[in-house]
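Okay, here's what each chain looks like letter by letter:
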Amino acid sequence: NCGLQLVIQTSSIPEKTKPFEFRINKEQSSFHNRLLQHDLERNYSGRQDNTNFGSSSSITFPVLQRTAEEKILNSDRLTLERQKLTVCPIIDGEDHLRLLNFQHNFITRIQNISNLHHLVFLDLYDNQIEEISGVSTLRSLRVLLLGKNRIKKISNLENLKNLDVLDLHGNQIAKIENISHLSELRVLNLARNLLTVVENLNGLDSLTELNLRHNQVSKDVDTLPCLQRLFLSFNNISSFEDILCLADSSSLSDITLDGNPIAQETWYKHTVLHHMMQLRQLDMKRITEEERRMASIAARKEEERKRESHRQTLLKEKKRLTIGNIARQWEIQQNRIALEASLNKDKENEPCQINGSAAYVFPEESRSLDTILSSAVQGLSVLESHLVEVEGDTLGLYGAGALECLDRNWSVQTAGIIATVSFMFIEFDEIVQVLAKLKTKFPNCVHLKFKETNLVALQQFNALAEMHRMEQLTVDPQGNPVVNLTLWKYYVLFRLNHFNLQKINGVKVGWCCFLQMVLQDKLVLFLKDVFSQFHYLLEGKGKKSGVGSEESSDNRRSGGESTARATLNYMTKDFHMEKLEEIKERKTFCQTYIENLVEEAADINMKNESLQKLWPQMFIELVRDAVIEIRNKNSYMKLCLQRIMDQKE
């Protein structure tokens, strides 16, 4: 620990003959008052090192010499710290130096030390050096301390292959480079620089300590074979995956990550300790066995949570894809039904006369579209065609195949918590067939939801009367055209008034009680009247039957009542189609019957018109023939008797 004080006294240019005076003081030494006199002319002429600055000005380097006593006392070291030096002085006769200290000066460039071939330790901490230079000849150098300078790039270290410690902290370095050849380097300090990526560390096989504190590193920390201590405090590491590669390092024993975003996470310490079981210290604190055990337990819980989260994510994605597939199949099915209805309608109108020629629908066009739909269905069948989901107290059924789940053996606990059943992409007529099972399997079900179920007529709501209990009904406008009818809610209240519904489509219906009573009285009368007339017209009983007016009236009355009652019962789709076929047959019969009546009436009218034209002449001829016949009374009587006799024979 030798401290030397260097005092430089210079004279002005006219006083060139005066020598520089160097005063070298060793703290607590008997030589601290000794002055070293140097002949300026001799030293200046022999050792001048000129550097140009601006207008051809020059900088001279002082020459430092120590006495024999000081050389004996500190033969291999020289300390020149806090001497306000701006340049490195010329050190004369000190080729054997092993330690040189220039801390806390204002040196801007490393120079005048190339002759120190035995130098092992060079300390230039806290100066103003901007470039690493002047050290290429120091092949024996083991420690190079250049912290707190202005260096922007690592360079000119090619010949320092024996370097053991390299300190470059507190500079302006943005990239790690030009050090891969330092195979003997054990300590590298790059703290407080501008690094964002840790790279180019290949070849540092002896490195045991790496300091990267106070940088901007966010990820990709390389693994080194002998690394024992790694300081990464106060960087931008936010995810454990960014440093997960360090878990594979068997040599790493100390690491610091405090000051990073990752250190703010609750799972930080447990996760690091679980994955880096070889650590002895974390954030400069020794790790106990209890901490390791707690970290292992917490890490297992975190892994389970992540696996569960991942599983839920996969299930949600699978659900989304399945529902999308079911929706596409539903759309294809609806398009097929619409296409078939359109084709049937066109067949009824074939052939039709257009400008005297017959027009037909070309079947190959319909077949091509049908083929497209079939191929689309086959392509979608690879995915799930139905989905059953229990979420909370709601049972979701997607697709017609989901109705088969009602045949399963549901546990009492699960069946007991189901309060809502949601139907999507299922024909309402198919739903009706399982309402009895629904009532038995889920006794606490009080809410039904329908979306994309083809609810098209008020009469379909009659099927819901089979339910054991119902407090809420939700009919989504999507895929249920019945919602577009103005009075559909009132009809539901009227038909399902025994359930005392609380909500319809999420809206409370308590204020409709009075309207229920009004509808209950008037709607029945209206339905009876309308359907009695409708039934009478469809039966077509008037002229065909020989019953009297009173009997016909009785039949109309009884028929109207039965029809009105029938409207309050659910009619299956097949039964409805049969009714439509029956109505179509009756319509055809009525149309034919009316056509025959019209044709007969037209014929009678034509005959009447002809008779009116011929009647005057016919009347004259009849009168004339009668007068001629009765002109001879005896002959006329004989003729009449003869006709009578002929008729009897």
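Residues numbered from 1 in each chain as written. Predicted model: local features only at pLDDT ≥ 70, side-chain atom pairs only at ≥ 80, totals over all residues. Heavy atoms only, no water.

Per an unreviewed UniProt entry, the recorded name for the protein is Leucine rich repeat containing 49, and the organism is Cyanistes caeruleus.

### Quick look at the overall build of the protein
What the protein contains, in helices and strands, is 13 helices and 26 strands. Within the protein, the fraction of its 649 residues that count as buried is 35%. Residue pairs at least 24 apart in sequence account for 45% of intrachain contacts in the protein once pairs closer than 6 positions are excluded. Summed over all atoms, the accessible surface of the protein reaches about 38900 Å², with 52% contributed by carbon and sulfur. (Helix = DSSP H or I, 4+ residues; strand = E, 2+ residues; numbered from the N terminus. Buried < 20%, exposed > 50% of the residue type's maximum accessible area, 1.4 Å probe, protein only. Contact = heavy atoms within 4.5 Å. Areas by Shrake-Rupley, 256 points an atom, 1.4 Å probe, with all protein chains shown as cover.)

### As for the nonpolar core
If you look at the biggest cluster of nonpolar residues, it comprises 67 residues, and the most contacted ones within it are Phe102, Leu122, Leu166, Ile179 and Leu188. Apart from the residues within four sequence positions on either side, Ile179 is in contact with Ile154, Leu157, Leu166, Leu188, Asn200, Leu201 and Leu204. Listed in part, the 42 residues of the second largest apolar core include Phe442, Cys445, Phe450 and Phe461. (Core = buried A, V, L, I, M, F, W, Y, C linked by side-chain atoms within 4.5 Å.)

### Notes on the sheet that holds strand 20 (residues 387-391)
The seven strands are arranged 20-21-22-23-24-25-26 in an open sheet whose pairing can be described as mixed. Two strands bound the open sheet, and with one partner strand each, they are strand 20 and strand 26 (507-508). Pairing of strand 20 with strand 21 (residues 394-398) involves five bridges; the strand directions are antiparallel. Directly across from Leu387, in strand 21, lies its bridge partner Tyr398. (Pairing = 2+ DSSP bridges.)

### Details of helix 9 (residues 488-495)
For helix 9, the buried fraction is high: six of the eight residues fall into the buried class. Taken together, the buried positions of helix 9 are Trp488, Tyr491, Val492, Leu493, Phe494 and Arg495.

### Let's talk about the side chain of Asn189
Tracing the backbone shows Asn189 in strand 12 (residues 187-189). At 3.3 Å, the side chain of Asn189 and the side chain of Asp167 are in polar contact. Discounting chain neighbours no more than four positions away, the residues touching Asn189 are Leu166, Asp167, Leu168, His169 and Asn211. (Polar contact = N/O pair within 3.5 Å; in protein donor to acceptor, adjacent residues only side chain to side chain.)

### Here we look at the UniProt feature "coiled-coil region" (unreviewed entry) in the protein
Those residues carrying the UniProt feature "coiled-coil region" (unreviewed entry) are residues 287-320 in this numbering. Its end C-alpha atoms 46 Å apart, residues 287-320 is made of 94% helix and 0% strand. (UniProt positions renumbered as here; feature names shortened; annotations may be inferred.)

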